[in-house]
Every structure is written in C-alpha cells, then in structure tokens.
Amino acid sequence: MSKSFTFPSPAKLNLFLYITGKRADGYHELQTLFQFLDYGDEIEIEITEDPTIELTNQIEGVPVEQNLIYRAAKLLQNQTGCKQGAKISITKRLPMGGGVGGGSSNAATVLVALNHLWQTELSLEKLAEMGLTLGADVPIFVRGFAAFAEGVGEKLTACQPQEKWYVVLKPEVSISTALIFQHPDLPRNTPKREIDELMSSEWENDCEKIVRDHYSEVEDLLAWLVQYAPSRLTGTGACVFAEFDSEDDARKVFMQKPDNIQGFVAQGQNLSPLHQQLNLFS
C-alpha cells in the first residue's frame, strides 16, 4: 500500500521593499528582505508507479495544466526522466492574491518534496533555476533561507533577521501587482543601500503609498493595525502585517481584528519549515 507524506508550504513576508530603478526591459530593480513564517498551506503527496500526475483537489476555474503544483511536478518529471508519478492534494490556508507567496510556495514545495521522494537528486540550485521558470519568487522558497534580494529579485544573500511574531491580515480586496508596478507615481529611484545599513534602518515598503491611496480597504486596515505595533504592506499586498516581540502580544491584537477580515498569527522563520522537516528525513 502506498504511503503519503505531508509537507509544509509556508508563507513569506517582505519585511521591507525598495524600488531602486527601472530597466530598459521594463523590469524593476529592487532591494527586499524575505522571511518565512511558521504558517502556510500543506501539501500531501503519494508516490505512484504510474507516471500520471494527479491533483486530487483542484482550484475552481484553473485548468489543471495551468496549476503551479501540476506544472512543478511535470517540470521535474520531464527534466529528470522520472518514471514515477504522484497523487497530490493541498490543504489551502493562505489567502489567494495576498502577497504572502502562496502559489510560489506551493510550486517550490512540490519541486523540493518530489525531488526527495522520487530520489531524482537534483541540487537546490538546479531546482531553484527550474523554479524561476514557474515564477519569480519560487527560487526563494526552493532555497529555503531568509534572504536579502537585489536585482529583479534573483540575487540572494542569506540573512538572519529577528524571528518576530506577526499578525497578518488580508483586507477584502484584490490588488494587481502589474498595475502597481506600472503606476506613474511609484517611487523608482530609492537609493541603493548596503545590507548592513538596511538591516539597521527603519523598514518601509515603496509600494505601500500607492496601494493605500487606491485601495481604501488597505488604508483603513493599516490605520487600525498601526495603533498597536509597527505595520506594513507585504509585497504589493493585499496582506498587511504588524510585528510583535511575543506570541501573546500578537494574539491579543489578533483577537480584536474586524470580524470580516481574514488573517493569522505566525512567527518568522529564517529556515523554511519545509527545509526544517526535510532535515528530519535525511
């Protein structure tokens, strides 16, 4: 009888985000700090001797061939010539379009977990290279360490920010990343700084003012949250977060959140929960 394995697919936060320029090809240069959270989706995988990749629960309205989980599994299978298949199901907790990396994290977990279960033995560097073809943030989750990112997000330096507690909330709004990056008022000339200076500075997000100006739901939620602790937008949103020194302080604020707002409490993790678990397997 086949055995199934369950793997974490963690959320991430952009603890800061600065837009330092725009390239001729239209991509933006940035400086950002990624940290994982001990909260996320869960992906269950059962290995099969039949090479079929089967998703046992699918996202409504998304064709299976476009699903990042399916695409990640097929990519690894095609790159390695693996003759085994898998039945994959997901327990979804992370909000769609929240800026906490749900889809990218799902793809990375499938690549890393199947590489382990299929024993295809690709390096994390090779998996990250493959993951980049699925999405810009996939390599962050594949490599599995908190990172300072530069360039268009591809130049990564391992970092050890404090592992604080966070209240993460999602207003009832969907934000287009493309529209934010196309906005004429988006800052595009924030001076580049060395990592040591950035780590010791007060952290901000260059996208936040644009998002707050155009989405009253984000403006209202941040205005409420900042009463209790330093609070920011993550990525281009829609999720916002506040940082706390203790779980107790974070949960006290979370209990007061507006009833119509989704969210969760989590602790920052400088080593991805996925990699923490796989260390136990090895």
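Now for a quick tour of the structure. Keep in mind the model is a prediction, meaning the values are calculated, not measured.

1. Overview of the nonpolar core
Reasoning step 1: The biggest cluster of nonpolar side chains holds 38 residues, and the ones touching the most others in it are I45, I88, L111 and L114.
Reasoning step 2: For this core, the leading source of residues is helix α2 (residues 102-117), giving eight residues.
Reasoning step 3: Counting residues in each nonpolar core, the second largest holds 31 residues, with L17, I180, L186 and I261 among its members.

2. Some remarks on α2
Reasoning step 1: A rise of 1.5 Å per residue sets the reference length of α2, with its 16 residues, at 22 Å; its end C-alpha atoms lie 22 Å apart and thus fit the reference within 8%.
Reasoning step 2: Counting buried residues in α2 gives 14 out of 16 residues, a clear majority hidden from the surface.
Reasoning step 3: Looking one or two places after α2, you find Q119, whose phi comes out positive at around 55°.

3. What about the packing of helix α1 (residues 68-80) against α2?
Reasoning step 1: With their axes 8 Å apart at the nearest point, α1 and α2 run at an angle of 30° to one another. Classified by the angle their axes make, α1 and α2 are roughly parallel. By crossing handedness, the relation of α1 to α2 is classed as right-handed. Here L68, I69, A72, A73 and L76 of α1 lie close against α2, whose contacting residues are G103, S104, N106, A107, V110, L111, L114 and N115.
Reasoning step 2: Taken together, the residues of the contact of α1 with α2 break down into nine nonpolar, four polar and no charged.

How each quantity is defined
Residues numbered from 1 in each chain as written. Predicted model: local features only at pLDDT ≥ 70, side-chain atom pairs only at ≥ 80, totals over all residues. Heavy atoms only, no water. Core = buried A, V, L, I, M, F, W, Y, C linked by side-chain atoms within 4.5 Å. Buried < 20%, exposed > 50% of the residue type's maximum accessible area, 1.4 Å probe, protein only. Helix = DSSP H or I, 4+ residues; strand = E, 2+ residues; numbered from the N terminus. Expected span 1.5 Å × (residues − 1). Axes fitted to C-alpha atoms, helices over the stretch in contact; angles between N-to-C directions. Parallel < 35°, antiparallel > 145°, perpendicular 65-115°, else oblique. Left-handed = near helix turned anticlockwise from the far one by under 90°. Contact = heavy atoms within 4.5 Å. Nonpolar A, V, L, I, M, F, W, Y, C, P; charged D, E, K, R; others polar.

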